[in-house]
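Topology and contacts: notes
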Amino acid sequence: MHLSGTDRANMAADSCIFHRTLTRSRPAPNQASSSSPVVCRESLHVVDIRRYSRDPASAIYFPQAVLSGEDLYDVTLTDGDCRLQVTLDPGLNRLVERRVLKPGSALRNAAFSPALSAQLPECPGASADRDSYRLVSVQVDDEEEGVRRSEADWDSLPWFGPSEPAGALLPLRASRSIFLPLWNNVDYSSEAWTEAPPTDGLEEEDEEEEEGRQPSVTVSELRERFLSGRRGVARGAIQHQLIVRIINKSHLMYYGRTDRNCECPYKAVLQACDRTGSVCVVLWNSVCVSWYRRLELGDIISLRRFRVKQHYQAEVDDIEISVNSRNPAAQLCVVSESSVSPESVPPAPSYSFYNSKEFQERRHGNLCDVIGLLTFAGRSERVRSKDGRGAGLLEYRWLRLEDGSSEQPIMVKLFSTSQPETQLKLLPLSVVVCTRLRSVTAEQNPTWFYLTNTTYSQVYCTGQGHHPRMSYRRLQPVRTFLRWLRNQEDQQVLSRALIGGFFIYPPPPVSLETLMRERRGELGFLQGAELQRELEQLCYRERRTFCLQATVSMVTYSCTGEEDRCLFWTDRPSSSPSPPSFRTPLSSRFCPMSPSSSLSASTPRPAGASRRSGRRRKLLMPETPSKRRPLLAVQPEPDRTVILFEASMEFLDPAGEDEDDEDDDDDDSSSYTTAALPPTFSPVATETLPLRFDYSHREEQAAAVAMGGGASAQRFGSAPGDYYTVRLRALSDGHTIDAVFLPHLSSSSHRHGNTWTSILSQGAFSSHTPPPSPADLIAMAPQLANQRLVCVLEACHLGGARTELVLSRGFHLKD
């Protein structure tokens, strides 16, 4: 017997948490709806979170809330028996923006405020016969592990209430017909965006192929008639058939505003041409949803029932073609080249491919196309746009391409291109083509350059079926690259292939003078407390740079997973009261060391061990040559694997564990610490260290570095697996903060000694001399005592309570 969703919901009513909780909030007949929240004490889970922008009527739904942002969120919850779609109170938006609340999260003490949809303005997602709820407060249960949506069959659960949603879910609290992606405004989101052509209305009429198809109007004729003011072109819809080829395709542009009502505020621009000229074709609103994914570079399209308008961005008088779903409803279809008469076939797109050797001669701002072998795919991050609004967070990632023409790789800072599926597949060992990029030259060093997006940038990679259908595959620069590629060996490329991790490019300046010149003298120094407040304001994966004047009070060297066996140096604290401190959690799990977990700086305390009264263990430094030096000097050689390196750590000689105690009564010295226990610090986040690319687990690694990923990266070994932590004490207010320092992830092209002063200012070891061992570097740490530094810190929020803070440069502040 087949049961409807409503029947299944009624049968589950006795066990349904929503039924037991929310039915208490329903008003009796002829009674007004209660505004008092009802609290669910039992555990719930988040199935999905969907974002959309509010409209002028949205404020009616939230009479007590201050609507400072543009976004609203609908959250789908489950109690294990049914599903419920609710709206998140705007006061809780930060839970989503900092990824505290996410799909799979376990919730407790969820408070729902009921409101009958029939009493409120009509929205596409609301229904008069369905109760509507607002989530006004909630406790996200950090102690209970979240559930991955892929591991739970939540989509088959019935919806709570007397009726199920008709069709796809729509926004509950705004007159919008489409949801936005969670983390940017450029990509598309939800199943409404389809690659299949529309099958309804007038757009289907031209789908039948006919041979010898000819246009009844050309681009040059439309331009001439419009600019000459002919009434039929300037005011009415064009009924004639226009046949053009797409030569450029923009990313999606969302123009939704809180003070405007528009159900689907999207537009996209196609640069198209025929044999007489080129023109911009603008897709508006729901046409974007129906056609954007369907249309590709090189497609030939037939257009009817469109309008010709003044091109508002053109420097001189020009036209654009407006394609909308109404007033009038345009007719649009893709036609094959063979169906167009030979004399009417539009010209193919043109490309300007440059290799890495030729880029050294390109000037700032030049446009180009590139092809290369991807050897590094960075994690997805976000940077705030110039307008400073939360909606202006732009998502990007770094790519490193090799093409064999020079030793210099091609670096690409790739922002969203409205190709989310393709960008997710940008993995090492892929052949990648990026079109319509713009070259950028670093101000402080013209030899540092990279490529970045323009409005019309597109990206194509192997495994997606892109290359075979693109005309660039026959061009000579592409053929030259393919000849080089055929001579490469998988294992050689895999040996240098990395994915994710902290990355900064171009390298920051190596002198304080250059840094100040680059920032025009404005470094924007923060006090320690101000830095803490700024870090708390970061949104998920938002990247920012801060400057702080500080001294170093601690340096540690650790291997991931073995933080309780670290090497460390600490500056002896003064007798003055300890200043306030805060730490940015660098790992999803904070692992403080208890007093019983460690006896010294390197070795876990044996069972039954006890401390002798009045004696303290000491870690000695090189300024006292008669003392025993720490013996944790293990540096992974380039040809060794991480596995061998980690195995070798088990044979290390524990520091400070001599059988005799002849040094216990030595006088205190600034060159060593008398702490009996290692310092407490947060382990490095799994997202901070790059992963060695594993082709057999490429899908999992891709998900780990994408937006919303990170936790799954723990399953893969990082390269390298060691790192330094530096504790900084702000000169302004004494606040302390821990920052990761990664001098071994890059090398400096400048000749410099491997002293702490040089390494901090260069952010790397010297490439002209062997790097110091970790033990030697920690032994030199007393050089940092009482040194005032200008610290350049790279911050990135990783979700929840975790914020990555990396020390990229530390400049000695001279008197």
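Residues numbered from 1 in each chain as written. Predicted model: local features only at pLDDT ≥ 70, side-chain atom pairs only at ≥ 80, totals over all residues. Heavy atoms only, no water.

Per an unreviewed UniProt entry, the recorded name for the chain is RPA-related protein RADX-like, and the organism is Poecilia mexicana.

Inspection of every chain in the model, using the stated rule, returns 22 salt bridges. Salt-bridge contacts for glutamate 97 lead to arginine 94; the nearest nitrogen and oxygen are separated by 3.4 Å. Note that glutamate 97 and arginine 94 are positioned in helix α3 (residues 93-97) at a spacing of three residues, about one turn of the helix. Taking the shortest distance from any N to any O, the salt bridge between aspartate 369 and arginine 436 comes out at 3.2 Å. Of this pair, aspartate 369 sits in strand β15 (residues 367-377) while arginine 436 sits in strand β19 (residues 431-441), and the two are 67 residues apart along the sequence. (Salt bridge = Lys/Arg side-chain N within 4 Å of Asp/Glu carboxyl O. Helix = DSSP H or I, 4+ residues; strand = E, 2+ residues; numbered from the N terminus.)

The subject of this paragraph is the pairing of strand β21 (residues 458-461). Residues Gln458 and Tyr460 of β21 are buried on one face, and the alternating residues Val459 and Cys461, pointing to the opposite face, are buried as well. As paired elements, β19 and β21 share four bridges and run antiparallel to each other. When the bridges of β21 are listed, valine 432 appears paired with cysteine 461. (Buried < 20%, exposed > 50% of the residue type's maximum accessible area, 1.4 Å probe, protein only. Pairing = 2+ DSSP bridges.)

Quick look at the pairing of strand β14 (residues 331-335) now. Burial within β14 is extensive, with five of its five residues counted as buried. Of the two faces of β14, the one carrying Gln331, Cys333 and Val335 and the one carrying Leu332 and Val334 are both buried. Where strand β11 (residues 300-304) meets β14, five bridges bridge the pair, whose relative direction is antiparallel. Its bridge partner being in β14, arginine 304 is matched across the sheet by glutamine 331.

This next bit is on the side chain of aspartate 403. Following the sequence through the fold, aspartate 403 ends up in the loop between β17 (393-402) and β18 (410-415). Comment: no salt bridge for buried aspartate 403; closest opposite-charge side chain is arginine 496, at 10 Å. There is a polar contact of 2.8 Å between the side chain of aspartate 403 and the side chain of serine 356. Polar contacts involving the side chain of aspartate 403 include one to the side chain of serine 405, which spans 2.9 Å. (Lys, Arg positive; Asp, Glu negative; His and termini not counted. Polar contact = N/O pair within 3.5 Å; in protein donor to acceptor, adjacent residues only side chain to side chain.)

This part covers the environment of phenylalanine 62. With respect to the helices and strands, phenylalanine 62 occurs in the loop between β2 (44-53) and β3 (71-78). Note on phenylalanine 62: relative accessible area 2%, which makes it buried. Separated by 29 residues in the primary sequence, phenylalanine 62 and glycine 91 have C-alpha atoms spaced 9.8 Å apart.

Quick look at the environment of valine 136 now. Within the element layout of this structure, valine 136 appears in strand β6 (residues 131-140). Along the chain, valine 136 and valine 38 lie 98 residues apart, while their C-alpha atoms are 9.7 Å from each other. Once residues lying within four places of it in the same chain are set aside, the contact partners of valine 136 are Pro37, Asp89, Leu92, Ala111 and Ser113. (Contact = heavy atoms within 4.5 Å.)

Right, let's get into a positive patch on the surface. A surface patch of positive charge is lined by Arg473, Arg474, Arg479, Arg483 and Arg486. Take arginine 486: it is sitting in the loop between α9 (476-485) and α10 (490-494). Residue classification places arginine 486 among the exposed positions, given a relative accessible area of 62%. (Patch = residues over 30% accessible without salt bridge, like charges linked within 9 Å, V, L, I, M, F, W, Y side chains within 5 Å. Areas by Shrake-Rupley, 256 points an atom, 1.4 Å probe, with all protein chains shown as cover. Charge placed at Lys NZ, Arg CZ, Asp CG, Glu CD.)

Our next topic: the packing of aromatic side chains. Between two aromatic rings, the relevant description is the distance of the centres plus the angle of the planes. Across all of its chains, the model carries 26 aromatic pairs by this definition. When the centroid spacing of 6.5 Å and the interplanar angle of 55 degrees are considered together, the rings of tyrosine 61 and phenylalanine 62 count as tilted. Arranged with centres 4.8 Å apart and planes meeting at 55 degrees, the rings of tryptophan 183 and tyrosine 540 form a pair that is tilted. One end of the pair, tryptophan 183, is in the loop between β6 and α4 (219-227); the other, tyrosine 540, is in the loop between α12 (528-537) and β23 (543-559), and 357 residues separate them in sequence. Side by side, tryptophan 183 and tyrosine 540 carry an identical accessibility label, which is buried. Joined through ring pairs, the aromatic side chains of Phe376, Trp398, Trp448, Tyr450, Phe503 and Tyr505 make up one cluster. (Phe/Tyr/Trp six-rings, centres within 6.5 Å; stacked < 30°, edge-to-face > 60°.)

With that out of the way, let us pick up the environment of serine 322. By the element assignment, serine 322 lies in strand β13 (residues 319-323). For serine 322, the residues in contact, after removing those within four places along its chain, are Val282, Trp284, Phe306, Arg307 and Lys309. Side chain to side chain, serine 322 and tryptophan 284 meet in a polar contact 3.1 Å long.

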